[in-house]
Amino acid sequence: MESVIVVGGGLAGVRAVEALRNQGFEGEVTLVSAERHRPYDRPPLSKAVLAGDRDDTTVEADWEALRVRLLLGERATGLRPAPGGGGTLATTAGDLDFDGLLIATGATPITLPGDGPQHVLRTIGDALALRERLTAGARVVIVGAGWIGAEVATAAAAKGCEVTVVEAADTPLANAVGPEVGALTAPWYAAAGVTLRTGVKVAAVEPGGLLLAGGDRIEADEVVTGVGVRPCVGWLEGSGLLVERGIVTDASLRVTTEDAARGGPGTVRPDIVAAGDCAAWWSGRYGRRLLVEHWDTALNAPDVAVATLLGREAVYDAVPYFWSEQFGRMVQYAGHHPAADRLLRRGDPAGDRWTVCWLAGDRLEAVLTVGRPRDLVQGRRAIAAGARVDPEALADPAVAVRDA
Ligand code: FAD
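As the structure is a computational prediction, the values presented were derived from the model and not from experiment.

Conventions and cut-offs
Residues numbered from 1 in each chain as written. Predicted model: local features only at pLDDT ≥ 70, side-chain atom pairs only at ≥ 80, totals over all residues. Heavy atoms only, no water. Helix = DSSP H or I, 4+ residues; strand = E, 2+ residues; numbered from the N terminus. Rg over C-alpha atoms; globule rule 2.2 N^0.38 Å. Buried < 20%, exposed > 50% of the residue type's maximum accessible area, 1.4 Å probe, protein only. Areas by Shrake-Rupley, 256 points an atom, 1.4 Å probe, with all protein chains shown as cover. Lys, Arg positive; Asp, Glu negative; His and termini not counted. Charge placed at Lys NZ, Arg CZ, Asp CG, Glu CD. Pairing = 2+ DSSP bridges. Axes fitted to C-alpha atoms, helices over the stretch in contact; angles between N-to-C directions. Contact = heavy atoms within 4.5 Å. Near = heavy atom within 4 Å. Polar contact = N/O pair within 3.5 Å; in protein donor to acceptor, adjacent residues only side chain to side chain. Nonpolar A, V, L, I, M, F, W, Y, C, P; charged D, E, K, R; others polar. Domains from an automatic or database assignment. Arc of directions from axis to C-beta. Phe/Tyr/Trp six-rings, centres within 6.5 Å; stacked < 30°, edge-to-face > 60°. Salt bridge = Lys/Arg side-chain N within 4 Å of Asp/Glu carboxyl O. Buried area = accessible area lost by both parts, 1.4 Å probe.

**Structural notes on the overall build of the chain**
When its secondary structure is counted, the chain shows eleven helices and 26 strands. Whereas a compact globule of 404 residues would reach a radius of gyration of roughly 22 Å, the chain reaches 22 Å, a difference of no more than 12%. With the C-alpha coordinates of the chain rotated into their principal frame, the extents come out at 60 × 55 × 45 Å. Looking at the chain as a whole, 53% of its 404 residues qualify as buried. For the chain, the exposed surface amounts to about 17100 Å²; the carbon and sulfur share of it is 47%. The average position of the 40 basic charges and that of the 52 acidic charges among the side chains of the chain differ by 2 Å.

Shown next as structure tokens:
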């Protein structure tokens, strides 16, 4: 393999370039990314950047030592894999041939219908533009009480804005952690002076506010939409790659061809891999496909994708992990809870430090911790090891998770 193209210059993109060099690839490396900025970290955008504590979150990398051809501000527009391996990437900078391709085009925010202005929060430009508008007394209406919505509400409330969060489900974080656990975070909104309206469907963003499904309006100076993201995969249309919600890969992060969807055997392409927010990889651990739109995956999956590309045996088998900082609390989650049959609390959710554990029988499937990082670390280890726990001991916050 003489040339590798990495498409997408987010965290997964830069980690892929680093992994190529760290794993000894000496050939030509090209990074094609739609953004003009060098790769930067997104988690601080909704935290330190909105708060005004940071303006720049560029990922530190020694670009000279990495010997990369950087094509920033250029977009991949199409892919033509060659039957025998390698292929051609169509880009706004022209066609580029490759022997190996790593796709890391991430995701883009979903927006609401309507002709009123709405902020989203994905890029450094989005964060700086929104920050300007978070002035004391501004009526800020946030659609979506998910991770991003809660973090924007935190920043806006701290700036003295009059903040309303509108959520279609009955609780915050219902999609992410389920309504029972999500409900435990609802009191945080009122305590921060934020109005939370759940079970409210938005029909459209109009100039000056939101039109609700029932015909009511909510007036707003600024509307922020935080209703989720969709993978940036439209450019792969016609490429023959199988795309469901994200780019379908096997456990080694090799892409699959479309004939699998048509009942054919499907072929994995060892020369085309995908990682980060755009990839739906096969998790052997969970026996299902996972698409985890979180930082830890973008950080670690590229190592595996690159090893695969370079012909080594590698499997991405991580226990998903993410964190969120909201209303002065550090919230962390590890695991994957759909198979759980039972929820157990450690500590009082009305307090500042508590944990919930999802169990399937006596096996720990997932943990969500609030201000209890040790529970997170030990829980994550126990989940990774498939350890069995004593539920009674686990329910006692004085007993360490590793001893339960
Ligand atoms: P991205 O970061 O989306 O990068 C993809 C890059 O590819 C982008 O630069 C994009 O412009 C480019 N691109 C797209 N299409 C093309 C194309 N056709 N051609 C060329 N380039 C293209 N996760 C956590 O775990 N904890 C947090 O607290 C947290 N906070 C977050 C806060 C914010 C505001 C955001 C937006 C995300 C947060 N995340 C958090 C999620 C985490 O940042 C993402 O999972 C991570 O950035 C994904 O990295 P990625 O490289 O896969 O994709």
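This is not the end of the story, as more comes after the structure.
**Topic: the sheet that holds strand β18 (residues 254-256)**
Taken in spatial order, the six strands make up an open sheet running β3-β2-β1-β7-β19-β18, and their pairing is mixed. Each having just a single partner strand, β3 (68-72) and β18 make up the two edges of the open sheet. Sheet twist, expressed as the mean angle between neighbouring strand axes with direction ignored, is 30 degrees. Pairing analysis gives four bridges linking strand β1 (residues 3-7) to strand β7 (residues 100-103), with the strands arranged parallel. What sits directly across from V7, in β7, is I103. The strands touched by helix α9 (residues 295-309) within the sheet are β1, β7, β18 and β19 (268-274), with β19 carrying the most contacts at an inclination of about 150 degrees.

**So, the site of the ligand**
Looking at the ligand, there are 35 residues lining it, with E35, R42, K47, A76 and R122 nearest. Interatomic distance of 2.5 Å between a side-chain N/O atom of R42 and an oxygen atom of the ligand. Between an oxygen atom of the ligand and a main-chain N or O atom of A107, the distance comes to 3.5 Å. Contact with the protein chains removes 95% of the 1000 Å² of surface that the ligand exposes when unbound. At the level of secondary structure, the elements contributing two or more residues to the shell around the ligand comprise α1 (11-22), β2 (28-33), α9 and β22 (321-326). In terms of residue class, the shell around the ligand is made up of 18 nonpolar, nine polar and eight charged. Each of domain 1 (3-108 + 229-309) and domain 2 (111-225) accounts for three or more of the residues forming the shell around the ligand.

**Side note on helix α4 (residues 124-133)**
Among the residues of α4, those classed as buried are I124, A127, L130 and R131. The arc that holds the buried residues of α4, viewed along the axis, is 130 degrees, so those residues lie on one side. Close packing links the buried residues of α4 with α2 (48-51), α5 (147-158) and β15 (222-225).

**A look at the packing of aromatic side chains**
This model, assessed by the stated rule, comprises eight aromatic pairs. On the numbers, 5.6 Å between centres and 65 degrees between planes, the contact of Y333 with W358 is edge-to-face. Placement of the pair is Y333 in strand β23 (residues 329-335) and W358 in strand β25 (residues 354-360), with a sequence separation of 25 residues. Here Y333 and W358 have matching classes, each one buried. Following the ring pairs from residue to residue traces out a cluster consisting of W147, F322, Y333 and W358.

**Notes on the sheet that holds strand β20 (residues 279-283)**
Here three strands make up an open sheet; going across it, the order is β17-β20-β21 and the pairing mixed. Sheet topology places β17 (247-248) and β21 (288-290) at the edges, where each strand pairs with a single neighbour. Here three bridges tie β20 to β21, and the two strands are oriented antiparallel to one another. Residue W281 lies in a different strand from β21, and its bridge partner there is L290.

**Side note on the pattern of salt bridges**
Counted according to the given criterion, the structure contains 21 salt bridges. Among the ionic pairs, R67 bridges to E26, the shortest N-O distance being 3.5 Å. With a gap of 41 residues between them, R67 in the loop between α3 (63-66) and β3 and E26 in the loop between α1 and β2 connect regions that are remote in the sequence. Taking relative accessible area as the criterion, E26 reaches 60% and is therefore assigned exposed.

**Comments concerning the domain arrangement of the chain**
One can read the domain layout of the chain as domain 1 (3-108 + 229-309), domain 2 (111-225) and domain 3 (328-403). The C-alpha-based centres of domain 2 and domain 3 are spaced at 29 Å. Taken together, the seven residues of domain 2 in the interface contact twelve residues of domain 3. For the pair domain 2 and domain 3, the summed buried area comes to about 900 Å², and 76% of that belongs to carbon and sulfur atoms. Linking domain 2 with domain 3 are zero salt bridges, by the criterion used here. Those elements that place two or more of their residues in the side of domain 2 that touches domain 3 are α6 (174-177) and α7 (179-183). The residue inventory of the side of domain 2 that touches domain 3, partitioned by class, reads six nonpolar, no polar and one charged.

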